[in-house]
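# An overview of the molecular structure
So you can see what is in the structure, the chains are spelled out below.
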Protein chains: 2
Amino acid sequence: MDAPYELIYYVGVPGRGEHVRLILEEAGASYTDTASLAMDECREVVTKTLEGGQGNPPYFAPPLFRHGDLLISQTSNILMYLGPKLGLAGSKESDAWRVNALALTALDGLSNEVHDTHHPISIEIYYEDQKEESTRRSREWVKTRLPKHLGYWEKVLKSEKSGKGSWLLGAEFTYADLVLFQCIDGTQFAFPKAMNQAKESGKFDRVFQLWEDVRARPNVAAYLAREKRQKYDWGIYRYYLGNDVSLE
Amino acid sequence: MDAPYELIYYVGVPGRGEHVRLILEEAGASYTDTASLAMDECREVVTKTLEGGQGNPPYFAPPLFRHGDLLISQTSNILMYLGPKLGLAGSKESDAWRVNALALTALDGLSNEVHDTHHPISIEIYYEDQKEESTRRSREWVKTRLPKHLGYWEKVLKSEKSGKGSWLLGAEFTYADLVLFQCIDGTQFAFPKAMNQAKESGKFDRVFQLWEDVRARPNVAAYLAREKRQKYDWGIYRYYLGNDVSLE
């Protein structure tokens, strides 16, 4: 299919759309991105696109991705669609399923769980109206979940599968590495104190090395340096002083 | 591949493993299920299988699914792997991506969000130690999120894509219908008062009709009647009197 790749996502935050940008940027693929529109216009396009049509059902939330007649939602789904096309889902056909499992696990643990530290009661009400619960959840999350997640990824990187390679599937770089990079990057923004302590503990050296190694990949580095890279702000990863707790 | 299908999941709750059981049961496929083991033995198998090996990375949590050399985790990933093999992912190749998007949306909204109503602060501490926050989250969830989710699914079922068929993709039954069924079924267990009110409101007739229609499919009906169907209890869907609030 020669149709263009079209990312439909909100402007103003990296959010879940950032994972789609990273896979396209790493591959050097050309794509359109509604984040280049003015905020009102962008919102209008997102709302209209969510309606589906032309053989597609309505979808619940962006990111949305269009390729010809196909319109799909859900971050992991979009990545899984693009992975093999862009050569970033492993070399064996069966690797695509392993890569999707790893990507989903990173998105669950280090994106959804982190998001919910600032909105534990409801995403439909303001942070300020659930501040107390947010602080409690942050404290618990940093104490028990953060070490569990970092420990899991360290184990993957030291496992027989990953072996002596730098990446989650060993010598082969895949989009799961990009997803984990973005999740670690965002978690550092939200919990700088705990993440610095985790880094200095020496217990998760392979995880932080992966973060460095992804940043250093030429296409990723060039993208991160561009203005197009959205700043963290009011999205998934937010910094609140009261939530910036220490690792035990 | 003639290798057997093996589901590796905890015994004692339907949980996320139930989605995998439903697709296999609907298709009449044979499979092994660690839920038939004694509880201790089952836990041991789950823990050991999470380690990966033989070309597979370690995984974070069950359900796990083995098919020959391939071992994968993540509910939506397992379903997407099985969907086309069992003829339950639509007839066009591109439908698999639409079905996965719908399945992920149901799992996010009516499984993960419902789970978090009883564990809003942390899944690492007891419900009793986050009871107050749980009641608050339940109230907010029923008020704003439940109608939003039910309204979304009603819209899908009335859309151009679904049209006059009974199912999410119209005339074609797919595993997304099974996922939505299980999510509605569990949400009815957790929030019977609000779900009864939703049903009686007449605003979501297509959604509740889908629940009925899936239940009535011969293989599903036979499975639901068997002892093998695990009871809701301490898993994703729990009933707490204090959380059983009314729809506004």
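Only a predicted model underlies this, so the values are computations on that prediction, with no experimental measurement involved. (Residues numbered from 1 in each chain as written. Chains lettered and ligands numbered in written order. Predicted model: local features only at pLDDT ≥ 70, side-chain atom pairs only at ≥ 80, totals over all residues. Heavy atoms only, no water.)

### What about the domain arrangement of chain A?
Residues and elements named next belong to chain A.
- Domain boundaries in chain A define domain 1 (5-86) and domain 2 (93-225).
- Distance between the C-alpha centres of domain 1 and domain 2: 22 Å.
- Taken residue by residue, the interface counts 16 residues in domain 1 and 17 residues in domain 2.
- With both sides pooled, the region where domain 1 packs onto domain 2 buries about 1600 Å², and carbon together with sulfur makes up 67% of that total.
- Three residues, Leu22, Glu26 and Met80, lead the burial of domain 1 against domain 2; their summed loss comes to 41% of the area buried on that side.
- For the pair domain 1 and domain 2, the number of links is 1 salt bridge.
- With a shortest N-O distance of 2.9 Å, Glu26 and Arg217 are connected by a salt bridge.
- The tally of links from domain 1 across to domain 2 stands at 5 residue pairs in polar contact (both at pLDDT 80 or more).
- Among the secondary structure elements, those contributing two or more residues to the side of domain 1 that touches domain 2 are α1 (17-27) and α3 (75-85). (Domains from an automatic or database assignment. Contact = heavy atoms within 4.5 Å. Buried area = accessible area lost by both parts, 1.4 Å probe. Salt bridge = Lys/Arg side-chain N within 4 Å of Asp/Glu carboxyl O. Polar contact = N/O pair within 3.5 Å; in protein donor to acceptor, adjacent residues only side chain to side chain. Helix = DSSP H or I, 4+ residues; strand = E, 2+ residues; numbered from the N terminus.)

### Let's talk about unusual backbone geometry
Residues and elements named next belong to chain A.
- Between Pro62 and Pro63 the backbone carries a cis peptide bond, its omega angle lying at 5°.
- The topology assignment puts Pro63 in the loop between α2 (39-50) and β3 (64-67).
- Positive phi is not limited to glycine here, since Gln54 has a value of about 50°.
- The residue Gln54 is located in the loop between α2 and β3 in this model.

### Structural notes on the interface of chain B and chain A
- Contact with chain B, which involves 51 residues of that partner, is made by 51 residues of chain A.
- Buried area between chain B and chain A, summed over both chains or domains, comes out near 4700 Å², and the portion from carbon and sulfur atoms is 58%.
- Across the contact surface, chain B and chain A share 8 salt bridges.
- Of the charged contacts, one joins Arg145 of chain A and Glu124 of chain B as a salt bridge, the two residues approaching to 2.4 Å between their closest N and O atoms.
- If you look at where chain B meets chain A, you find 24 residue pairs in polar contact (both at pLDDT 80 or more).
- Considering every element that reaches the side of chain B that touches chain A, the biggest residue donor is helix α5 (residues 131-158) of chain B, with 11 residues.
- Considering only residue class, the side of chain B that touches chain A consists of 18 nonpolar, 17 polar and 16 charged. (Nonpolar A, V, L, I, M, F, W, Y, C, P; charged D, E, K, R; others polar.)

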